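Chain by chain, the residues run as shown.
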Amino acid sequence: MKNLWILIHKYNAFFLFILFFGLSCYLVVKNNTFQRASAVNSSNYFVGTVYAWVNGWKSYLHLSESNTRLAEENASLREQLQRFTHADSVERVTVVDSARQVQYNYIVARVTNNSIHQKNNYITIDKGRKHGIRKGMGVIGAKGIVGIVLNVSEHFSTIQSLLHSESRISASLEDSQAFGSLVWGDSYDARYAALRDIPNHVKVRDGERVYTSGYSLFPPGIEIGKVAGSGSSGGDSFLDIRVELSTPFHNLLQVYVVEDVFAEEKAALEALTDKDG
Amino acid sequence: MAKLLLYNIIRFVALVVLQVFLFKNVGYYNLATPFPYILFILLLPVGIGNFTLYAIAFATGLVVDAFYDTPGINAAAAVALAWGRIIFMRITLQTDNYESYMTPAWGTVPFRWFFLYVLVLSLFHHGVLFLLETFTFHQFHYTLIRILLSCIFTVIIILLFSLLFYRKKQR
């Protein structure tokens, strides 16, 4: 105790300074609102920092537990996300064909699956029955026709691609307006198809454009491709025309499903003819 | 001795009155505000007891604070100044070389020592004062500029005072 007093006496300048300075600071903090506020705030900040620090260490103890919880949460979030990423909205573009008074609706769809290297190629799109797609509708791309809707589920549709051995589309030539059937047939090249059933007497030039005829489920005048070569198959009365397809099947991203508003009416009418025939 | 006390009382009154009525209104915007009242604490006799020194400094600071409406800030700075004065004197003076009641004023002590004494201690005082006043290290460079400019201002005024009351060493 005596030593303590000696120490204090020896360094009395410092201890007295602490005493008086502390007193002054007490006055400062007590009587000045700004200093009081900042002192309280900074003490809160200090306390908060210490708490954060302690919590940072404590969290290590619960690491595995929280990892499990996070993994579970991730799983449930993924599930929810899946529900949201499926685009439910449908864009419809209605084209009024004023000349024929025929309405075609176009339903925008995204290609989710595609193949070009099979004998029978199919495309899957992300729109289905819910969005108004029915079996047998035509599908076109930005540059040409794509195929025909084959099967429809609630949210998806499969399309029988033009690159399918069974695909037949009514097509006409630009100059002569002669119409025939466009088939992919035995070709294995995604860029070419064949136009059949064009009579021998029709003059065909290379580079002539080929359009949909309007006799099938596609609106008339949609480009299919252009003639890449023609010749008569031996002994036949029909020309064998090679058509270079304008649709880039290898990088198909977005397609439009063509809804023919009068398709049912037309089909019903044609069915009557069939009965009679 | 009584004369010394009288001188100090007069100095106290004069400097505090000048401080609170004149220098409070003098300043270069908010950047340089002089506090020449610290000259009173600087000129207290060399051999004054530590406790007395602190008590006087504290009281002086409080009086100035009362006029500045900032309770405690000037008192704290004055107390810090007193501490700095004790340290400075312990380092630079051999106390037995000087009479214990000597006033460390220009004329009694060499000018170089006096100048350094005023400069260092007013810097210390102003540093404590402005830091306590702003009470934050936010925009510290601004506070630093305030400290430096005010310090220069104060030192110039103190030197002018000293020149005004310059008296040759009486031996």
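Computed from a prediction, not measured in an experiment: that's the story for all the values here.

1. Re the overall build of chain B
Reasoning step 1: Regarding its fold elements, chain B presents six helices and zero strands.
Reasoning step 2: Counting the 171 residues in chain B, one finds 49% classified as buried.
Reasoning step 3: Summed over its atoms, the accessible surface of chain B is roughly 8,900 Å², and 70% of this surface lies on carbon and sulfur atoms.

2. Describing the overall build of chain A
Reasoning step 1: Of regular secondary structure, chain A possesses five helices and 13 strands.
Reasoning step 2: Burial status across chain A gives 35% buried among its 277 residues.
Reasoning step 3: Counting only contacts in chain A whose residues sit at least 6 apart along the sequence, the fraction spanning at least 24 positions is 57%.
Reasoning step 4: About 17,300 Å² of surface is accessible on chain A, with carbon and sulfur atoms providing 56% of the total.

3. Some thoughts on the nonpolar core
Reasoning step 1: Ranked by internal contacts, the top residues of the largest apolar core, which has 60 residues, are Phe21 of chain A together with Tyr54 and Tyr117 of chain B.
Reasoning step 2: Only α2 (12-31) of chain A together with α1 (2-22), α2 (38-42), α3 (50-68), α4 (73-92), α5 (111-134) and α6 (140-164) of chain B provide two or more residues apiece to this core.
Reasoning step 3: Looking at this core element by element, the count peaks at twelve residues for α4 of chain B.
Reasoning step 4: Among residues more than four places away in sequence, those in contact with Phe21 of chain A are Ala76, Val79, Ala80, Val128 and Leu132 of chain B.
Reasoning step 5: Ranked by size, the runner-up nonpolar core spans 46 residues in total, among them Leu182, Val210, Ile241 and Leu252 of chain A.

4. Observations regarding the environment of Ala55 of chain B
Reasoning step 1: Mapped onto the elements, Ala55 of chain B comes out in helix α3.
Reasoning step 2: The sequence separation of Ala55 of chain B and Ala75 of chain B amounts to 20 residues, and the corresponding C-alpha distance is 10.0 Å.

5. Quick look at the sheet that holds strand β8 (residues 179-183) of chain A
The strands making up a sheet are joined through hydrogen bonds of the backbone, oriented either antiparallel or parallel.
Residues and elements named next belong to chain A.
Reasoning step 1: Reading around the barrel, the six strands line up as β7-β8-β9-β12-β11-β10 and close back on themselves, with antiparallel pairing between neighbours. Here the strands of the sheet are splayed against their neighbours by 40 degrees on average, with no regard to which way each runs.
Reasoning step 2: Pairing analysis gives three bridges linking strand β10 (residues 209-212) to strand β11 (residues 223-232), with the strands arranged antiparallel. The residue of β11 that forms the bridge with Arg209 is Lys226.

6. Describing the side chain of Thr124 of chain A
Residue and element names in this part refer to chain A.
Reasoning step 1: By secondary structure assignment, the location of Thr124 is in strand β3 (residues 122-125).
Reasoning step 2: Residue Thr124 is classed as buried on the basis of its relative accessible area, which comes to 18%.
Reasoning step 3: The contacts of Thr124, once residues within four sequence positions are left out, are Arg110, Val111, Thr112, Asn113, Phe156, Ser157 and Thr158.

7. Focus: the interface of chain B and chain A
Reasoning step 1: Contacts between the two partners involve 23 residues from chain B and, on the opposite side, 19 residues from chain A.
Reasoning step 2: Interface area for chain B against chain A, summed over the two sides, is near 1,700 Å², with a carbon-plus-sulfur share of 78%.
Reasoning step 3: Viewed at the interface, chain A and chain B are joined by zero salt bridges.
Reasoning step 4: Where chain B meets chain A, there are four residue pairs in polar contact (both at pLDDT 80 or more).
Reasoning step 5: Taken together, the elements giving at least two residues each to the side of chain B that touches chain A come down to α3, α4 and α5 of chain B.
Reasoning step 6: Here the side of chain B that touches chain A takes eight residues from α4 of chain B, the largest share from any one element.
Reasoning step 7: In terms of residue class, the side of chain B that touches chain A is built from 16 nonpolar, four polar and three charged.

8. Comments concerning α5 of chain B
Quick reminder: α-helices carry 3.6 residues per turn. Residues three or four places apart thus point the same way.
Reasoning step 1: For α5 of chain B, with 24 residues, the first-to-last C-alpha span of 34 Å sits near the 34 Å given by 1.5 Å per residue.
Reasoning step 2: Remark: Phe135 of chain B follows α5 of chain B within two positions and exhibits a positive phi of approximately 60 degrees.

9. As for the pattern of salt bridges
Residues and elements named next belong to chain A.
Reasoning step 1: Here the structure, examined in full by the defined rule, presents seven salt bridges over all chains.
Reasoning step 2: A salt bridge links Glu154 to Arg129; the shortest N-O distance between them is 3.5 Å. In this pair, Glu154 sits in the loop between β5 (145-152) and β6 (157-161) while Arg129 sits in the loop between β3 and β4 (138-140), placing the two residues 25 residues apart along the sequence.
Reasoning step 3: In this structure Arg129 comes out as partly exposed when scored by relative accessible area, which is 41%.
Reasoning step 4: Across the salt bridge formed by Arg205 and Asp175, the nearest N and O atoms sit 3.0 Å from each other. Highlighted residues: Arg205 in the loop between β9 (192-199) and β10 and Asp175 in the loop between β7 (168-173) and β8, separated in sequence by 30 residues.
Reasoning step 5: Note on Arg205: relative accessible area 42%, which makes it partly exposed.
Reasoning step 6: The network of salt bridges with common partners includes Arg110, Asp126 and Lys127.

10. Regarding the confidence of the model for chain B
Reasoning step 1: With 94% of its residues at a pLDDT of 70 or more, chain B shows a mean pLDDT of 87.
Reasoning step 2: Between the elements of chain B, mean pLDDT differs from a low of 89, seen in α1 of chain B, to a high of 92, seen in α2 of chain B.

11. A word on α2 of chain A
Residue and element names in this part refer to chain A.
Reasoning step 1: Counted at 1.5 Å a residue, the expected span for α2 with its 20 residues is 28 Å, and the 28 Å between its end C-alpha atoms agrees.
Reasoning step 2: For α2, the full list of buried residues reads Ala13, Leu16, Phe17, Phe20, Phe21, Ser24, Leu27 and Val28. One face of α2 carries all of its buried residues, which in axial projection span an arc of 120 degrees.

12. As for the pairing of strand β12 (residues 238-245) of chain A
All names here are of chain A.
Reasoning step 1: The alternating pattern of β12 places Leu239, Ile241, Val243 and Leu245 on a buried face, while none of Phe238, Asp240, Arg242 and Glu244, on the opposite face, is buried.
Reasoning step 2: Pairing between β9 and β12: six bridges, direction antiparallel. Within the sheet, the bridge partner assigned to Ala194 lies in β12 and is Arg242.

13. Overview of the packing of aromatic side chains
Reasoning step 1: What the rule picks out here adds up to 19 aromatic pairs over all chains.
Reasoning step 2: Note on Phe35 of chain B and Phe130 of chain B: the rings are 6.3 Å apart at their centroids and 70 degrees apart in plane angle, and the pair reads as edge-to-face. Placement of Phe35 of chain B in the loop between α1 and α2 and of Phe130 of chain B in helix α5 is noted, with a sequence separation of 95 residues between them.
Reasoning step 3: An aromatic cluster is present here, built from Phe14, Phe15, Phe17 and Phe21 of chain A together with Trp83 of chain B joined pairwise through their rings.

Here is what the cut-offs are and how they apply
- Residues numbered from 1 in each chain as written.
- Chains lettered and ligands numbered in written order.
- Predicted model: local features only at pLDDT ≥ 70, side-chain atom pairs only at ≥ 80, totals over all residues.
- Heavy atoms only, no water.
- Helix = DSSP H or I, 4+ residues; strand = E, 2+ residues; numbered from the N terminus.
- Buried < 20%, exposed > 50% of the residue type's maximum accessible area, 1.4 Å probe, protein only.
- Areas by Shrake-Rupley, 256 points an atom, 1.4 Å probe, with all protein chains shown as cover.
- Contact = heavy atoms within 4.5 Å.
- Core = buried A, V, L, I, M, F, W, Y, C linked by side-chain atoms within 4.5 Å.
- Pairing = 2+ DSSP bridges.
- Axes fitted to C-alpha atoms, helices over the stretch in contact; angles between N-to-C directions.
- Buried area = accessible area lost by both parts, 1.4 Å probe.
- Salt bridge = Lys/Arg side-chain N within 4 Å of Asp/Glu carboxyl O.
- Polar contact = N/O pair within 3.5 Å; in protein donor to acceptor, adjacent residues only side chain to side chain.
- Nonpolar A, V, L, I, M, F, W, Y, C, P; charged D, E, K, R; others polar.
- Expected span 1.5 Å × (residues − 1).
- pLDDT = per-residue confidence, 0-100.
- Arc of directions from axis to C-beta.
- Phe/Tyr/Trp six-rings, centres within 6.5 Å; stacked < 30°, edge-to-face > 60°.

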